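Survey of secondary and tertiary structure
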Amino acid sequence: MKTEGAESDPVVAEIPVYLSKTLLDKLYVLQYPVRPCSHSYDNATVLKTKIRPQSGHVEIEMGLRTRGPTYDKSKGEQIAYNVDGAYREMRDSEDNFYKSNVMDKIVLTSSKALSDTSRYAVGVVRDNSLHLTPVTTVLALRPSFSYLDQADKRSRQDRKDTTGEEDSDEEEKAKKVTVRFEKPETEKSRKAKEKSYGFLLRKIHEEPWIEVDYHKSGGEHSEFEKRKLYCLYEDEHIDQFSLNADEYMKHLVPPTEEVQVVAPGLPAHLMSRSALASLPLHDRVKTVMVNAGVASFVELLGVLGMGANTESSQSVLKVLQQVAVLVQGNWVVKSDIIYPKDSKSECGVPNDLIQRGRDYVLYLFTKKTGVTRGEVADVVGLPSSDLKEILRGVSRYRGTRAIWEFLLPTDSTFLNKYPDVVQRQQMIWQSRSEQLAHNFKEKTSGEGSKGTNSTSPQKKGRSVRVKSEPVEDVADGEAQPAPAKQRRANRDTR
C-alpha cells in the first residue's frame, strides 16, 4: 500500500553513482562572494597565478581594462603614482607594482570558506551516470588592497630620499630598558605556542609561493583535465551499506585529527613546470607520457608548452616514437617502460609476460574501438587482476555494452596530417603482432606437451599424434588470432 508521502514524491529514475579519485587532494573550489554572477571573471585576463599547496592559499593577478568607459584614468594614474613613487620612470620596470602609468591590475587573495570539506564533492553527469570527486578545499577570493600599504610605505621612503629626514613618529627616542632572563621553554609551552594564531600565520607566510599556469574554461588543456572528473573504474561496485552502525558513524563523522605542519613542496608523483622544462626533450616527453599513459599529440604539445605547427613539434614527434606507440591516432606509452624487465606483478607474473599481454590489447585496439575481457583472457592467459590493470590503463568499461572501450576517441586530424608516421607505426604493429602470435603459439604448444606427459604416459606399442588447428574468434566483423590451439589426438593401434 502506497503512503501519501510516496505518492507526492515518487522515484522517477535511478542512476549509478561513481567515485573518482584521480583528482583526490587536488580539487579546489573557488568562490567570488563580492562578484555578481552577471559579471564573472570568465573573460578576464589572468596575469599570474600562485598557490601555497600546504596551507591551501591561492593568489590571482587579473588585468584591468584601462580603456573602458567605466575606468577613471586620472584616479588610476594617481594610485600608480602613490604605489610606485615619484621616480618610477627612473627605476627598473620589474621593481614597479604596476607595469604601466596607471593601475592596470587587481590582486585576488583567498581565504578558507569552509573549515571541513569532507562532506563535499563535485559531481558531473555523463551517459546517465553521476561521477563524484571529493573536494579538497573551498576558497573565497576577494580583491586585496595591499597596494594601499605599499603606497604608504613608498611615500615615506620618497620623503626620506628627498629631505634626508625621517618622520617624527619613526624617530627613535632614548628610553629606559629593563633586562629579563627568560625561563627555559617547556614542552607544554612550546605546544601552546605552536597553536597560537601568530605562529600559524607566520608558518603560512614562510611557505613559498609556487607559480602555476592558468587555463581558461573550454580550452584543450582544461578539457583534458576535466576528463579526470570521470571515474575510470566503472566495473567496480562498492556496497556502502555493508558496514555496521559504529563503522558507518566513523565514516560519516570521522574523528578529529591534529593538523601537522609539513615542509612545503609538491607531491612525489608530480613535477613543477620549471623542473620539467629543465629536463632534456627526451626525458620531458617520457615523463609526461608515463604520467598520462594515453594522450593525443595536441594535448602533449600543450603540456610541453609548444605549438602544433612549429619546428619543435617535429622534434617532439621524433622523440615520441621512441617512448610511445600509435593507437587510433593517439599515443600510448610503451609497455617496456611502465613494466620493466627483471620485475614481477603483484600476482608474481614476470613483467615480460605482462608486456606481451598489454601489447596484444593495444594491437586489438588498433583494429577496433572496443574489446571484451574474455577474448583477451583466452589468449594472454594472465591472472584476472593483472589483466584488469592493463585494461584500466588504456580503456574504460562500458557496462551497457559489456565491452572495454579505448580511452580516447580516434584522432583523425593526426592520422591525416602525418601519413608517414602512421605507415611506420602500422609496420611496427604488423611485426609485433607476428611476434606475439609466435610467442603465444609456443606457450600453447608447451602447455599441450606438458599436459600430455602429466596425464598418461605413452605405452609401448602405441604412438600419439597431436594435430593443432587454429580456431578463429570473430568479433566486430574482424578475424582475430586463435586464442588457443584445439588439439585432436588419434591413437593408432598396431
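Residues numbered from 1 in each chain as written. Predicted model: local features only at pLDDT ≥ 70, side-chain atom pairs only at ≥ 80, totals over all residues. Heavy atoms only, no water.

In the annotation of an unreviewed UniProt entry, the entry for the protein chain reads DNA-directed RNA polymerase III subunit RPC5, and the organism field reads Portunus trituberculatus.

**Here we look at the sheet that holds strand β13 (residues 370–371)**
Under the convention used in this document: Strands are labelled as partners when DSSP assigns at least two bridges between them. Under the DSSP-based scheme used, a helix requires at least four consecutive residues in state H or I and a strand at least two consecutive residues in state E, with every element numbered from the N terminus.
Spatially, β13-β15-β14 is the arrangement adopted by the 3 strands of the open sheet, whose pairing is antiparallel. Either end of the sheet is taken by a strand with one partner, and the two such strands are β13 and β14 (395–398). Pairing geometry for β14 and strand β15 (residues 403–406), over 4 bridges, is antiparallel. By the bridge assignment, arginine 396 is partnered in β15 with glutamate 405.

**Some points on the packing of aromatic side chains**
The following threshold applies: Here a pair means two rings of Phe, Tyr or Trp (six-membered ring of Trp) with centres within 6.5 Å. Their orientation is stacked below 30 degrees between planes, edge-to-face above 60, and tilted elsewhere. Working definition: with a 1.4 Å probe on protein chains only, accessible area under 20% of the residue-type maximum means buried, over 50% means exposed, and in between means partly exposed.
The full count for this structure, using the stated rule, is 10 aromatic pairs. With a centroid separation of 5.8 Å and an interplanar angle of 85°, the aromatic rings of tryptophan 331 and phenylalanine 414 are classed as edge-to-face. Of the two residues, tryptophan 331 sits in strand β12 (residues 330–333) while phenylalanine 414 sits in helix α16 (residues 412–417), which places them 83 residues apart along the sequence. Like phenylalanine 414, tryptophan 331 is buried. In this structure an aromatic cluster arises from ring pairing among Phe297, Trp331, Phe414 and Tyr418.

**Re the pattern of salt bridges**
Definition in use: Within this document, salt bridges are pairs made up of a side-chain nitrogen of Lys or Arg and a carboxyl oxygen of Asp or Glu, the two lying within 4 Å of each other.
Scanning all chains against the criterion turns up 8 salt bridges. The closest approach of N and O atoms between glutamate 225 and lysine 228, which form a salt bridge, is 3.2 Å. Taking relative accessible area as the criterion, lysine 228 reaches 28% and is therefore assigned partly exposed. Each of Asp127, Arg398 and Glu405 takes part in a single network of salt bridges with overlapping partners.

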